[in-house]
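Structural overview for review
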Amino acid sequence: FRNLLYQDASYFDNPAHAPGKLITRLASDAPNIKAVVDARMLQVIYALSAIVACIVIAFIYCWQVAILGTSLILLLAFVMIGLAYKISIMNIEQIKNDEAGRIAIEIIENVKTIQLLTRCDMFFDHYETASKQQKRSELKKGMIEAINYSITQSFMYFMMCFTYAVGIRVIYQGDKSSDDTFKGIIAMMLGAVAVMNSAQYFPEFVKAKTAAGMLFNIIYRKPRTGDLMEGDRPEIRGNILFENVKFSYPQRPLQPIMKGLQWT
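These numbers were taken from a predicted model, which means no experiment stands behind them. (Residues numbered from 1 in each chain as written. Predicted model: local features only at pLDDT ≥ 70, side-chain atom pairs only at ≥ 80, totals over all residues. Heavy atoms only, no water.)

If you tally the helices and strands in the chain, you get 11 helices and two strands. When the helices and strands of the chain are placed in sequence order, the string is α-α-α-α-α-α-α-α-α-α-α-β-β. Over its C-alpha atoms the chain spans a radius of gyration of 29 Å, topping by over 25% the 18 Å that the globule rule assigns to 264 residues. Taking the principal axes of its C-alpha atoms as reference, the chain extends roughly 100 × 55 × 30 Å. In the chain, which comprises 264 residues, the share counted as buried stands at 31%. Of all intrachain contacts in the chain linking residues separated by at least 6 positions in sequence, the fraction that spans at least 24 positions is 75%. When the accessible surface of the chain is totalled, it reaches about 17500 Å², and 63% of it is carbon and sulfur. Taken together, the 28 basic and 23 acidic charged side chains of the chain have centroids lying 3 Å from each other. (Helix = DSSP H or I, 4+ residues; strand = E, 2+ residues; numbered from the N terminus. Rg over C-alpha atoms; globule rule 2.2 N^0.38 Å. Buried < 20%, exposed > 50% of the residue type's maximum accessible area, 1.4 Å probe, protein only. Contact = heavy atoms within 4.5 Å. Areas by Shrake-Rupley, 256 points an atom, 1.4 Å probe, with all protein chains shown as cover. Lys, Arg positive; Asp, Glu negative; His and termini not counted. Charge placed at Lys NZ, Arg CZ, Asp CG, Glu CD.)

Bringing the packing of aromatic side chains into the picture now. Enumeration according to the criterion identifies five aromatic pairs in this entry. Summarising the aromatic geometry, the rings of Phe247 and Tyr249 are spaced 5.2 Å apart at their centres and angled 80 degrees between planes, so their arrangement reads as edge-to-face. Owing to a relative accessible area of 36%, Phe247 belongs among the partly exposed residues under this scheme. (Phe/Tyr/Trp six-rings, centres within 6.5 Å; stacked < 30°, edge-to-face > 60°.)

Under the UniProt annotation, the feature "transmembrane region" (unreviewed entry) is placed at residues 44–61, 67–87, 146–172 and 184–202. Between the first and last C-alpha atoms of residues 44–61 the distance is 26 Å; the span itself is 100% helix and 0% strand. Helix makes up 100% of residues 67–87 and strand 0%, whereas the separation of the span's terminal C-alpha atoms amounts to 30 Å. (UniProt positions renumbered as here; feature names shortened; annotations may be inferred.)

Membership of the largest hydrophobic core comes to 32 residues, with the highest contact counts inside it found for Ile51, Ile73, Phe155, Met159, Met188 and Phe202. Only α4 (39–61), α5 (63–96), α9 (155–173), α10 (178–199) and α11 (202–220) provide two or more residues apiece to this core. In terms of residue count, the dominant contributor to this core is α5 (10 residues). Setting aside residues up to four positions removed in sequence, Phe202 forms contacts with Met80, Leu83, Ala84, Ile87 and Asn148. Grouped together as the second largest cluster of nonpolar side chains are five residues, Ile103, Ile107, Ile114 and Ala130 included. (Core = buried A, V, L, I, M, F, W, Y, C linked by side-chain atoms within 4.5 Å.)

Time to look at helix α8 (residues 120–153). Between the first and last C-alpha of α8 there are 47 Å, a value that for 34 residues agrees with the 50 Å anticipated at 1.5 Å per step. All buried positions along α8 are accounted for by Ala130, Gln134, Ser137, Lys141, Ile144, Asn148 and Thr152. For α8, the secondary structure elements touched by its buried residues are α5, α6 (100–109), α9, α10 and α11. (Expected span 1.5 Å × (residues − 1).)

With that out of the way, let us pick up the UniProt feature "domain: ABC transmembrane type-1" (unreviewed entry) in the chain. According to UniProt, the "domain: ABC transmembrane type-1" (unreviewed entry) feature falls on residues 1–207. The distance from the first to the last C-alpha atom of residues 1–207 is 21 Å, and the span holds 86% helix and 0% strand.

Laid out in structure tokens, this is it:
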């Protein structure tokens, strides 16, 4: 918010930086980032630690089962990364097209004028249309999140099926004892449980990633007029003359705001 106050005027001329949209970003992005700094992050760290430990244990006792289980975990990781990338793109598009929040804020700010003009129904229709567009976007994103949830929550059963199939063959051929083979299988199944426990936070982490990117873009953006905290601060004394001042906003360079302005 502090950095927004120091932005140049042309920044706010951009429709993507309308006051309503900026207020919506400030109100929603910070809570979304909270997902990666509270207990949910600890749960994911616990799960990752458990997965690494289970893979090590499985390789110690039965490397055949461990290779298969690790391959399944890596396959799941690639699927989750792909889904995360897809959801991130949808989140960015949703933020760019988020008109409902902007419309609501501007309506509330000008509600007296709207009531006096008896245009309440028209502005409500605008807000309803924008809200429905937002809803459709959320439903599409919800389908992808549902696919991810169904895959991760059933992952343990896939792991059980494949590791037991390999384990039985390993025992039958006499490559490993049944004791060591079952230790490797149980280790990989516990790793699958760790995946199931941490995957429930997947949507929140993807949302936090997108929100953090948008928020830090605002924090680190430098005004085109320069940094007011840098440079010399000379003591100005005497008379100042403005002669033939010309000015136009960068977004509308062909529409001058000042032309030939002079004052002392």
